[in-house]
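Here are the chains, one letter per residue:
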Amino acid sequence: MAFPYKKMTPADWEYIRSVTAPERVLVGAEIPETYFHDEMPEYGSFPPELYVEVLNKEEISAIMAYAYRENIPVTCRGAGTGLAGGATCKYGGIMLSVMRMNKIEPVDHKNQTITAEPGALLQDIQAAAAAEGLLYPPDPGEKTASIGGNVSTNAGGMKAVRYGLTRDFVRCVEAVLPDGSILDFSSNVVKNTTGYDIKDLVIGSEGTLCILTKVTLKLIPQPAHSATLVIPFASLEACADMVPRVLALPFVPTAIEFLEQELLEIVERTLEKSLPVKEGAALLIVMYDAATREELDQAVHLAATAALENGGLDCYVADTPERAAAVWSVRGSILEAMKLDSVSQEECDVVVPRSEIAQYVKQAKHIAQRHGLRVEPCGHCGDGNIHTELLRGPEQSDEEWHTATRAALTELYALAKALGGQMSGEHGTGNGRLNYLKEFVGDRMIRLYKAVKLAFDDKLILNPGKLIEFND
């Protein structure tokens, strides 16, 4: 590191206790190992020196001002559901948990927004909006994620096709900077061209620029009707070719996903969940939302007709909430099923142009097989985000697994770049993809990233070693 960090002392512990509360501070061996890593331990497990649960922005400000003065690294942590090794104390120091900051304010109907603290769970925000007849559309697979984590990673999810990403629904952000300053980025307005758009820079910055203390989110009217189509195809190529045809129809789908039958078999074998669709090699799952039943029926009819005219073997319509929930439950169980079906996992979270989905998946399989790896691609084909899951078998040694995955990932990222894609579609860089970033974006972009980091955090104390490193 460019700046060596201070090793914390009992005097530091006492100061943190004095500005919070002794019962909310753990030190050294008192800290449970579950706080050493996120949902991907493969991307690093690092013990903090001190763990503290904060209750408000004033406590965060006091901690950051002290850490800035004493040169102590701080990593903010929400629910710990990340998949990039982002919320871990790579260089020790303080782990600052915001999960007790979970208040959700009443819906602001005049502005059609909802304001929440960073520890509020996504599912609770969605429920609060739904109770008022409104919808918070971003829908990442992990509903128990904290909203602060969603904003910090610009979480995507399956409904990004129609509604967009988390960034598209963030009106304003209140945050604490590394020196303890408290700032508002934008305000509850629909548009803003005042100065640089720092708000959008902060969104997706993975906790490296500031600590969120409050976010205001845009809501939309709850759709009255919804249906999900499950369409089997004889091949993945035929399945992927159907995507642009669906998008060319008059009605915009809410979600478009693809799954291969092999993945469905893993879910059924490990979790005993299944779809009533056994035909074909791959399935396309298409969801529509509509304000009226007539609009929904038209959308479903046009999509089903187009599918059957373009290689679809059949078209199953889940037109009740229960049937649709069963379909999406299977889709949402894929990561859990793959964890149960393998010793460990490595995920390549690329995004490519929709026209290149089939080409990417086909070549990705060849790359993985060439390196002796088992691969299970799936993804949000409506936006080109392909989760290329590399699964470790019991026969592979640590060295074999490490060598093979590093070689395969290098080729997979190069493939995504050659096809006009990007390294990560929604999970971020964190620590897990850090070694591949420079090669992907180039030296000039890395210098820009470093300049942005230093503008916010000149001492490099906030979540150091994530997204961008300074020791290269």
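Everything that follows concerns the structure shown earlier in this document.
## So, the overall build of the protein
A tally of regular secondary structure across the protein gives 15 helices and 17 strands. Since a compact globule built from 472 residues should have a radius of gyration of about 23 Å, the 23 Å found for the protein is in line with a globular shape. Each of the three principal axes of the protein carries a C-alpha extent, and together these read 70 × 60 × 45 Å. Looking at the protein residue by residue over its 472 residues, the buried ones come to 54%. For the protein, long-range pairs separated by at least 24 residues make up 73% of all intrachain contacts whose partners lie at least 6 apart in sequence. By element, 53% of the accessible surface of the protein is carried by carbon and sulfur atoms, the whole surface being about 19500 Å². Mean positive and mean negative side-chain charge positions of the protein (44 and 65 charges, respectively) differ by 5 Å.

## Thoughts on helix α2 (residues 57–70)
When the terminal C-alpha atoms of α2 are compared, their 20 Å separation across 14 residues agrees well with the 20 Å that a helix rising 1.5 Å per residue should span. Within α2, burial applies to E59, I60, S61, I63, M64, Y66 and A67. Where α2 begins, the side chain of N56 points an oxygen toward the backbone nitrogen of E58, at a separation of 3.2 Å. The first or second residue beyond α2 is N71, which carries a positive phi of 65°.

## What to know about the packing of aromatic side chains
The description of an aromatic ring pair rests on the distance of the ring centres and on the angle between the ring planes. Counted by the stated rule, this structure contains five aromatic pairs. Their ring planes at 55° and their centres at 6.0 Å tell us that Y5 and Y91 sit as a pair that is tilted. With Y5 in the segment before α1 (10–19) and Y91 in the loop between β3 (74–77) and β4 (94–97), this residue pair connects regions lying 86 residues apart in the sequence. By relative accessible area, Y91 is classed as partly exposed at 26%. Residues Y35 and Y51 carry aromatic rings whose centres are separated by 4.3 Å and whose planes lie at 15° to one another, so their mutual orientation is stacked. Of the two residues, Y35 is situated in the loop between β1 (25–27) and β2 (50–53) and Y51 in strand β2; the sequence distance between them amounts to 16 residues. Given a relative accessible area of 23%, Y35 falls into the partly exposed group. Classification of Y51 as buried rests on a relative accessible area of 3%. When the ring centre of Y68 is taken as reference, the NZ or CZ atom of K459 above it lies at 4.6 Å.

## Section: the sheet that holds β4
Strand order across the open sheet formed by four strands is β1-β2-β4-β3, with mixed pairing between neighbours. Edge positions in the open sheet fall to β1 and β3, since each of these has one partner strand only. In this sheet, neighbouring strand axes are inclined to one another by 20° on average, regardless of whether the strands run parallel or antiparallel. Here β1 runs beside β2; their pairing, made up of three bridges, is antiparallel. Each bridged residue has a counterpart across the sheet, and for V25 the counterpart in β2 is V52. The sheet contacts of α1 involve β1, β2 and β4, and relative to β1 the element is tilted by about 165°. Of the strands in this sheet, β2, β3 and β4 are in contact with α2, which crosses β4 at around 165°.

## Some remarks on the sheet that holds strand β8 (residues 182–185)
Sheet strands associate in pairs through backbone hydrogen bonding, adopting either a parallel or an antiparallel arrangement. Taken in spatial order, the four strands line up as β5-β9-β7-β8 in an open sheet, and their pairing is antiparallel. Each of the sheet's edge strands pairs with one partner strand only, and the pair in question is β5 (113–116) and β8. Taking the axes of each pair of neighbouring strands and ignoring which way they run, one obtains an average angle of 15° across the sheet. When strand β7 (residues 170–176) meets β8, the two strands line up antiparallel, connected through four bridges.

## Quick notes on the environment of T166
Relative to the helices and strands, T166 resides in the loop between α5 (160–163) and β7. Residue classification places T166 among the buried positions, given a relative accessible area of 0%. Once you skip the residues sitting within four places of it in the chain, T166 turns out to touch Y136, P138, N150, V151, N154 and A155.

## Describing unusual backbone geometry
Although it is not a glycine, E206 sits at a positive phi angle of roughly 60°. With respect to the helices, strands and loops of the structure, E206 is situated in the loop between α6 (198–202) and β9 (211–218). In this structure, E272 is a non-glycine residue whose phi angle is positive, near 60°. For E272, the location among the structural elements is in the loop between α8 (261–271) and β13 (282–290). Residue classification places E272 among the exposed residues on the basis of a relative accessible area of 74%.

## Re the pattern of salt bridges
Enumeration according to the criterion identifies 24 salt bridges in this entry. Between E174 and K57 there is a salt bridge whose closest N-O contact spans 3.1 Å. Here E174 is found in strand β7, whereas its partner K57 is found in helix α2, with 117 residues between them in sequence. If you follow the salt bridges from partner to partner, you end up with K6, D12 and E70 in one network.

## Comments concerning the side chain of H427
Secondary-structure assignment places H427 in the loop between α13 (398–418) and α14 (434–441). A relative accessible area of 17% means that H427 is categorised as buried. In contact with H427, other than residues within four places in its own chain, are L83, A84, E347, D349, H387 and R433.

## Quick notes on α1
All of the buried residues in α1 are D12, I16 and R17. All buried residues of α1 lie within an arc of 140° about the axis, which places them on one face of the element. Seen from the open side of α1, the exposed residues pointing more than 90 degrees away from its buried face are P10, A11 and S18. Considering only its buried residues, α1 is in contact with β1, β2, α2 and β4.

Calculation rules
Residues numbered from 1 in each chain as written. Predicted model: local features only at pLDDT ≥ 70, side-chain atom pairs only at ≥ 80, totals over all residues. Heavy atoms only, no water. Helix = DSSP H or I, 4+ residues; strand = E, 2+ residues; numbered from the N terminus. Rg over C-alpha atoms; globule rule 2.2 N^0.38 Å. Buried < 20%, exposed > 50% of the residue type's maximum accessible area, 1.4 Å probe, protein only. Contact = heavy atoms within 4.5 Å. Areas by Shrake-Rupley, 256 points an atom, 1.4 Å probe, with all protein chains shown as cover. Lys, Arg positive; Asp, Glu negative; His and termini not counted. Charge placed at Lys NZ, Arg CZ, Asp CG, Glu CD. Expected span 1.5 Å × (residues − 1). Polar contact = N/O pair within 3.5 Å; in protein donor to acceptor, adjacent residues only side chain to side chain. Phe/Tyr/Trp six-rings, centres within 6.5 Å; stacked < 30°, edge-to-face > 60°. Lys NZ or Arg CZ within 6 Å of the ring centre and 35° of its normal. Pairing = 2+ DSSP bridges. Axes fitted to C-alpha atoms, helices over the stretch in contact; angles between N-to-C directions. Salt bridge = Lys/Arg side-chain N within 4 Å of Asp/Glu carboxyl O. Arc of directions from axis to C-beta.

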